[in-house]
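# Observations on chain architecture
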Amino acid sequence: MASLSQLVDNVVVNSFELGQPETRLGRRPDNDIRIDEISVSGRHALIEAAPNAYLEGTVDYYITDSNSTNGTFVNELRIEGRQRLNSHDRVRIGWNEFRFIDEEEQAMEKTAYILD
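Basis of the calculations
Residues numbered from 1 in each chain as written. Predicted model: local features only at pLDDT ≥ 70, side-chain atom pairs only at ≥ 80, totals over all residues. Heavy atoms only, no water. Pairing = 2+ DSSP bridges. Helix = DSSP H or I, 4+ residues; strand = E, 2+ residues; numbered from the N terminus. Contact = heavy atoms within 4.5 Å. Core = buried A, V, L, I, M, F, W, Y, C linked by side-chain atoms within 4.5 Å. Buried < 20%, exposed > 50% of the residue type's maximum accessible area, 1.4 Å probe, protein only. Polar contact = N/O pair within 3.5 Å; in protein donor to acceptor, adjacent residues only side chain to side chain.

Below, the discussion takes up the sheet that holds strand β1 (residues 2-8). The strand order across the open sheet formed by six strands is β2-β1-β11-β10-β7-β8, and the pairing between neighbours is antiparallel. In this open sheet, the two strands that pair with only one neighbour each are β2 (11-17) and β8 (77-78). Inspection of the sheet shows β1 paired to strand β11 (residues 96-102) by six bridges, in the antiparallel sense. Residue pairing in the sheet places glutamine 6 in a bridge with phenylalanine 98 of β11.

To continue, consider the environment of isoleucine 38. Tracing the backbone through its elements, the reader meets isoleucine 38 in the loop between β4 (33-34) and β5 (45-51). Isoleucine 38 sits eleven residues away from arginine 27 along the chain, and the two C-alpha atoms are 7.9 Å apart. Leaving out residues up to four positions away in the same chain, isoleucine 38 has contacts with Arg27 and Trp95.

Formed by 18 residues in total, the largest nonpolar core has its most connected members in Leu4, Ile47, Ile63, Leu85 and Val91. Elements supplying a minimum of two residues to this core: β1, β5, β6 (59-65), β10 (90-93) and β11. Sequence-distant contacts of isoleucine 63, that is, excluding residues within four places in its chain, are made with Ala45, Leu46, Ile47, Thr72, Val74, Ile79, Gly81, Arg82, Gln83, Leu85 and Val91.

The next thing to look at is the side chain of aspartate 102. If you trace the backbone, aspartate 102 turns up in strand β11. Here glutamate 104 takes part through its backbone nitrogen, which lies 3.2 Å from a polar atom of the side chain of aspartate 102. Setting aside anything within four residues of it in sequence, one finds aspartate 102 in contact with Met1, Ala2, Val59, Tyr61 and Ser87.

Let us look at the side chain of serine 41. Among the structural elements, serine 41 can be located in the loop between β4 and β5. At a separation of 3.0 Å, a polar atom in the side chain of serine 41 contacts the main-chain amide nitrogen of threonine 69. Residue contacts for serine 41: discarding those within four places in its chain leaves Gly26, Arg27, Ser68 and Thr69.

Once that is clear, we can look at unusual backbone geometry. One non-glycine residue, asparagine 75, adopts positive backbone phi at about 50 degrees. Tracing the chain through its elements places asparagine 75 in the loop between β7 (72-74) and β8.

Within a sheet, neighbouring strands are paired by backbone hydrogen bonds and run either parallel or antiparallel to one another. The five strands lie next to each other as β4-β3-β5-β6-β9, forming an open sheet whose pairing is mixed. Two strands in the sheet have a free side with no partner beyond their single neighbour: β4 and β9 (82-85). Pairing of β5 with β6, which is carried by seven bridges, proceeds in the antiparallel orientation. Across the sheet, alanine 50 pairs through a bridge with aspartate 60, a residue of β6.

Spelled out as structure tokens, the structure:
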């Protein structure tokens, strides 16, 4: 299961599981992850879970900016279009920082290292 952990001074203050095919982030109350902060747009970004085309039973996660005013950043680079998320990526929504964690990806990396 993947999650998005909100960070303040590199300390996790909130953690959100990404258990749905789509997770909407933004300031509006109808978002799945509500960030009630002025630098965040009403509908700021979307995270999608999609089956991996090559590894059966594996899920990839993608983030897309929803034409927000202040942009969406992955590892301090403003994203254009759909961006794949890797475990431990830093996601910035307005002034809010998150860390994306994918436990399944970490387990696969360990397996690949052992098989190498």
